[in-house]
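Notes for the structure review
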Amino acid sequence: MVSTSTQIAGFLFDNCLMNAAGVACMTKEELAEVKDSAAGTFVTKTATLEFRQGNPEPRYQDVPLGSINSMGLPNNGLDYYLDYLLELQESEPNRTFFLSLVGMSPEETHTILKKVQASDFKGITELNLSCPNVPGKPQIAYDFETTEKILSEVFAYFKKPLGIKLPPYFDIVHFDQAAEIFNKYPLKFVNCVNSIGNGLYIEDESVVIRPKNGFGGIGGQYIKPTALANVHAFYQRLKPEIQIIGTGGVLTGRDAFEHILCGASMVQVGTTLHKEGVVAFERITAELKTIMEEKGYESLEDFRGKLKYIEG
Ligand code: DHB
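Residues numbered from 1 in each chain as written. Predicted model: local features only at pLDDT ≥ 70, side-chain atom pairs only at ≥ 80, totals over all residues. Heavy atoms only, no water.

Quick word on the environment of Tyr169
Cut-off, in case you're wondering: A run of H or I in DSSP counts as a helix once it spans at least four residues, and a run of E counts as a strand once it spans at least two, with each numbered from the N terminus.
Turning to its location among the elements, Tyr169 is positioned in the loop between β8 (162-166) and α5 (172-182). On a C-alpha basis, the gap between Tyr169 and Cys192 in space is 9.3 Å, while along the polypeptide they are 23 residues apart.

This is how it looks when you write it as structure tokens:
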């Protein structure tokens, strides 16, 4: 019997597929739909301390090879997601869910994380260091000094399971420098990758989203090679206690297989989930299981991280 079950931070999940933060996760209704699908779990929309309206619409556009978005962190505020997760802990005590969050400033990030630390939340927290869409706010994880400062401060008080969502890196030296920082902290995982920031998609003579004159984060088929490179680069460099979540360009079971081959322990689906709805989880899982059966693999451990190189 082929299984796509996995574990993150010691928690078991019956399937390694889940949504990527930003898709199908703004409201409790959307989260419940992912929860009750073939997905192994869900992650919430990245929560800030307070409700945010986000950028003006249109701000997300599906395009033939992927998607472009400049949402601007619209969300219902930390308490909305935390309250729902605390409810689910009672009604579904055997499942574990992910809370994504970030502050609009380092101070706000600490305020939020201290609230989570003080709460009864027993799930997994993902600190988003990679939102590309808030005008005037750079992606935190492209600034290694700020990233290290935040992590060192956070782990002084935050004792629950914590991972970070990363932007894609494009240089070997940046993989080295980032991994050296992450290896100093008791992170449970890194999630590679967020969208490729600030692309531009044009139809006829116009951009397709309103904010930032059309600049937005790119997802989907465009980004799979970059996503796989980031998953594998961190798999090679991080201490084994830090697991990898693979995100980017997952349309098929083959794409999920490649993420796991590069070292992913969990695989997230964003653009494809937006295009296809939660039935994508069933389809991609079935496709992944077919590939595993053909290759004689019974579990993800049989091939995780076992990417082959061309020797000589
Ligand atoms: C948004 C986009 C991101 O890629 C992210 O990590 C967080 C927020 C957004 O625009 O809402």
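Digging into the packing of helix α4 (residues 144-157) against α5
Rules: To obtain an axis, a line is fitted to C-alpha atoms, over the contacting stretch when the element is a helix, and the angle between two such axes runs from 0 to 180 degrees between their N-to-C directions. Roughly parallel means an angle under 35 degrees; roughly antiparallel, over 145; roughly perpendicular, 65 to 115; everything else is oblique. Definitions for this section: a left-handed crossing has its near helix turned counterclockwise from the far helix by less than a right angle. A right-handed crossing has that turn clockwise. Contact definition: two residues touch when any of their heavy atoms are within 4.5 Å.
Put simply, α4 and α5 touch, their axes get as near as 10 Å, and they point 15 degrees apart. One element, α4, and the other, α5, form an angle in the roughly parallel class. Judged by the twist between their axes, the crossing of α4 over α5 is right-handed. Each of Phe144, Thr147, Glu148 and Leu151 in α4 lies in contact with α5, whose residues at this interface are His174, Gln177, Ala178, Ile181 and Phe182.

Topic: helix α7 (residues 253-261)
The α-helix winds at 3.6 residues per turn, so residues separated by three or four positions along the chain end up facing the same way. The following threshold applies: Think of it in three bands: with a 1.4 Å probe and only protein chains considered, a residue is buried below 20% of the maximum accessible area for its type, exposed above 50%, and partly exposed in between. Counted as a polar contact is a pair of N or O atoms within 3.5 Å, where, for protein atoms, one must be capable of donating a hydrogen and the other of accepting one, and residues adjacent in sequence contribute only when both atoms are in side chains.
Counting buried positions over the nine residues of α7 gives eight, a clear majority of the element. For α7, the full list of buried residues reads Gly253, Asp255, Ala256, Phe257, Glu258, His259, Ile260 and Leu261. One side-chain oxygen of the residue at the start of α7 lies 3.2 Å from the amide nitrogen of Arg254, identifying that residue as Thr252. Phi for Gly263, located one or two positions after α7, is positive at around 125 degrees.

A closer look at the side chain of Lys165
Defined as follows: Positive charges come from Lys and Arg, negative ones from Asp and Glu, while His and the chain ends are left out of the count. Within this document, salt bridges are pairs made up of a side-chain nitrogen of Lys or Arg and a carboxyl oxygen of Asp or Glu, the two lying within 4 Å of each other.
Structurally, Lys165 can be placed in strand β8. Within the buried core, Lys165 has no salt-bridge partner, and the shortest N-O distance to an opposite charge, that of Glu126, equals 4.4 Å. Among all residues touching Lys165, those that are not within four sequence positions of it are Ala21, Glu126, Leu127, Asn128, Leu129, Ser130, Asn191, Val193, Asn194 and Gln268.

Notes on α4
Our working definition: Multiplying 1.5 Å by the residue count of a helix minus one yields the expected span of that helix. Comment: arc refers to directions from the helix axis out to C-beta atoms.
The terminal C-alpha atoms of α4 lie 21 Å apart, and with 14 residues this matches the ideal 20 Å at 1.5 Å per residue to within 8%. If you check which residues of α4 are buried, you get Phe144, Thr147, Ile150, Leu151, Val154, Phe155 and Tyr157. One side of α4 carries all its buried residues, which in axial view fall inside an arc of 160 degrees. In α4, the exposed positions angled more than 90 degrees off the buried face are occupied by Glu145, Lys149 and Ala156. Buried residues along α4 sit against α3 (106-118), β7 (124-128), β8 and α5. Between the side-chain oxygen at the start of α4 and the backbone nitrogen of Glu145 there is a gap of 3.2 Å, and the oxygen is on Asp143.

Quick look at the pattern of salt bridges
One side chain can pair with another of opposite charge once the charged atoms of both are near each other. A complete count under the given rule lists 14 salt bridges for this structure. Arg59 serves as the salt-bridge partner of Glu57, at 3.8 Å between the closest nitrogen and oxygen. Between Glu276 and Arg283 there is a salt bridge, with its nearest N and O atoms 2.8 Å apart. What makes Glu276 partly exposed here is its relative accessible area of 32%. A residue is classified by how much of its surface remains accessible, and Arg283, at 26% relative accessible area, is partly exposed.

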